[in-house]
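Listed here are the chains, written in short residue letters.
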Amino acid sequence: MVKIDLKQVVGQTLPQNILKKTLENGKLASAYLFYGPEGVGKWDLALELAKALNCENKDTVPCQECSNCVKIAKLSHPDVVLVFPIPSTKKDEENLRQKYIASFREEKLKEPYALVEFEKNALISKDRMKELKTEVSRRPFEAKTKVVIINQAEKMMTESFNSFLKVLEEPPAYVHLILITSQPERLLPTVISRCQKIRLLPLKQS
């Protein structure tokens, strides 16, 4: 049996054990909701799960050394789709949009446990959810599975939630969805009900 090792995540013994057993038994849900206070490792745990699902090592996963693990760690893997709130931009402001995306990645690489916030009001738009629907319809390019990580999921606009439900209801077999939030009460009940919920506690309690 392949050994599952999520030690990159600080603390969170119970969430780690839940995911380890699930991976070992091959019974991973199609959608997860990682919830808990800011700065407790939800983002790191999501990345480690993405690595574990796509690691090329046959003994211990994630190995942190194979091509898939390295690309996921660098937030540059084509099959790990990152969704997060950014300030609204117009259709002719694609350069500005890309600047926000690059800024988010840069900050998360620098400090994974930090909350990345922009000066302007940032939301996950309906257009981004439409893009996501197209992205999940395409099979993985390099990895075994496609993993979608939605950071600050509570910042989906109402129209975004409705679009996302279409993805959440019937995701392709090769897709796993991970929603991250510190405010689960702001998610639609229909979204929560379709996710396997994993709570992360403050680090001193985990």
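Described below are features of the structure shown in this document. (Residues numbered from 1 in each chain as written. Predicted model: local features only at pLDDT ≥ 70, side-chain atom pairs only at ≥ 80, totals over all residues. Heavy atoms only, no water.)

Details of empty space enclosed by the protein
Space left empty within the atom packing is revealed by a probe, the size of a water molecule, rolled over the atoms. Heads up, the condition is: Within this scheme a cavity is a closed region of a 1 Å grid, computed over the protein atoms alone, that accommodates a 1.4 Å probe without allowing it to escape, whereas a pocket is open but has protein on both sides within 12 Å along at least five of seven lines; lining residues each have an atom within 4 Å of a point. Grid points are joined across faces, edges and corners, and a volume is the space filled by probe spheres set on the points. Secondary structure elements are defined from DSSP: runs of H or I of at least 4 residues count as helices, runs of E of at least 2 residues count as strands, and each element is numbered from the N terminus.
In the structure shown here, the tally under the stated rule is 1 cavity of 30 Å³ or more. As a volume, the largest cavity reaches approximately 160 Å³. In terms of lining, the largest cavity is formed by 18 residues, of which the most central are Glu-38, Lys-42, Lys-108, Asn-151 and Ile-180. Broken down by secondary-structure element, the contributors of at least two residues to the lining of the largest cavity are helix H2 (42-54) and strand S8 (175-181).

Focus on helix H5 (residues 126-137)
Heads up, the condition is: Expected span, for any helix, means 1.5 Å times one less than how many residues it has. What makes two residues a contact is simply this: any of their non-hydrogen atoms within 4.5 Å.
For H5, which comprises 12 residues, the first-to-last C-alpha distance of 17 Å matches the rise-based estimate of 16 Å (1.5 Å per residue) to within 8%. Packing partners of the buried residues in H5 comprise strand S4 (80-83), helix H4 (94-110), strand S7 (146-150), helix H6 (158-169) and S8.

Some thoughts on the packing of aromatic side chains
Quick reminder of the rule: Two rings from Phe, Tyr or Trp (for Trp, the six-membered ring) form a pair when their centres are within 6.5 Å of each other. A pair whose planes differ by under 30 degrees is stacked, one over 60 is edge-to-face, and the rest are tilted. Accessible area is worked out with a 1.4 Å probe on protein chains only. A residue is then buried under 20% of its type maximum, exposed over 50%, and partly exposed in between.
Here the structure, examined in full by the defined rule, presents 4 aromatic pairs. Between Phe-84 and Phe-104, the aromatic rings sit 3.7 Å apart at their centres with planes inclined by 5°, giving stacked as the arrangement. One end of the pair, Phe-84, is in the loop between S4 and strand S5 (86-87); the other, Phe-104, is in helix H4, and 20 residues separate them in sequence. Neither Phe-84 nor Phe-104 differs from the other in exposure class; each is buried.

Regarding the layout of surface pockets
Keep this limit in mind: Classes in brief: Ala, Val, Leu, Ile, Met, Phe, Trp, Tyr, Cys and Pro nonpolar; Asp, Glu, Lys and Arg charged; the others, Gly included, polar.
As a volume, the largest pocket reaches approximately 690 Å³. If you go around the largest pocket, you meet 29 residues; those closest to its centre are Ile-86, Arg-97, Ser-125, Arg-128 and Glu-131. Residue assignment for the lining of the largest pocket shows that the elements contributing at least two residues are S4, S5, H4 and H5. Along the lines of polarity and charge, the residues of the lining of the largest pocket split into 13 nonpolar, 5 polar and 11 charged.

Let's talk about the nonpolar core
For soluble globular proteins, nonpolar side chains are generally found buried alongside one another. So the rule is basically this: Side-chain atoms within 4.5 Å are what join buried Ala, Val, Leu, Ile, Met, Phe, Trp, Tyr and Cys residues into a set we call a nonpolar core.
Counting residues in each nonpolar core, the largest one holds 40 residues, and the members touching the most others are Leu-19, Phe-34, Trp-43, Leu-49, Ile-149 and Ile-178. When residues in this core are grouped by element, the largest group, 8 residues, is from H2. Those residues in contact with Leu-19, other than ones at most four positions away along the chain, are Leu-6, Tyr-32, Phe-34, Leu-45, Leu-49 and Ile-198. Membership of the second largest hydrophobic core comes to 24 residues, among which are Ile-124, Val-136, Val-167 and Leu-177.

Some details on helix H1 (residues 13-25)
Across its 13 residues, H1 extends 18 Å between first and last C-alpha, which sits within 8% of the 18 Å expected from 1.5 Å per residue. Where H1 is buried, its residues contact strand S1 (3-4), strand S2 (31-35), H2 and strand S9 (196-199). Directly beyond the C-terminal end of H1, a positive phi value near 65° is found at Gly-26.

Digging into the sheet that holds S4
What counts here: At least two bridges found by DSSP between two strands is the condition for calling them paired. Axis angles are defined between N-to-C directions and span 0 to 180 degrees, where every axis is a line fitted to C-alpha atoms and, for a helix, only to the segment in contact.
Strands sit in the order S4-S7-S8-S2-S9 across an open sheet of 5 strands; the sheet is parallel. Of all strands in the sheet, those with a lone pairing partner are S4 and S9, marking the two edges. Taken over all neighbouring pairs, the strand axes of this sheet differ in orientation by 20° on average, direction set aside. Set on the sheet, H1 makes contact with S2 and S9; between it and S9 the angle comes to about 145°. The strands touched by H6 are S2, S7 and S8; relative to S8, the strand with the most contacts, the crossing angle is about 135°.

Quick look at the pattern of salt bridges
Where charged atoms from two side chains of opposite charge come close, those side chains can pair. Put simply, the test is: A pair is scored as a salt bridge if a Lys or Arg side-chain nitrogen falls within 4 Å of a carboxyl oxygen belonging to Asp or Glu.
One pass over the full model with this rule turns up 8 salt bridges. For the salt bridge of Arg-128 with Glu-135, the shortest nitrogen-to-oxygen distance reads 2.8 Å. Judged by relative accessible area, which is 14%, Arg-128 ranks as buried. Residue Glu-135 is classed as partly exposed on the basis of its relative accessible area of 23%. Put simply, Glu-169 and Arg-194 hold a salt bridge, and the shortest N to O gap is 3.7 Å. In this pair, Glu-169 sits in helix H6 while Arg-194 sits in the loop between helix H7 (189-192) and S9, placing the two residues 25 residues apart along the sequence. Taking relative accessible area as the criterion, Glu-169 reaches 46% and is therefore assigned partly exposed. The exposure class assigned to Arg-194 is partly exposed, which follows from its relative accessible area of 36%.

No statement about biological role is implied by the geometric values presented.
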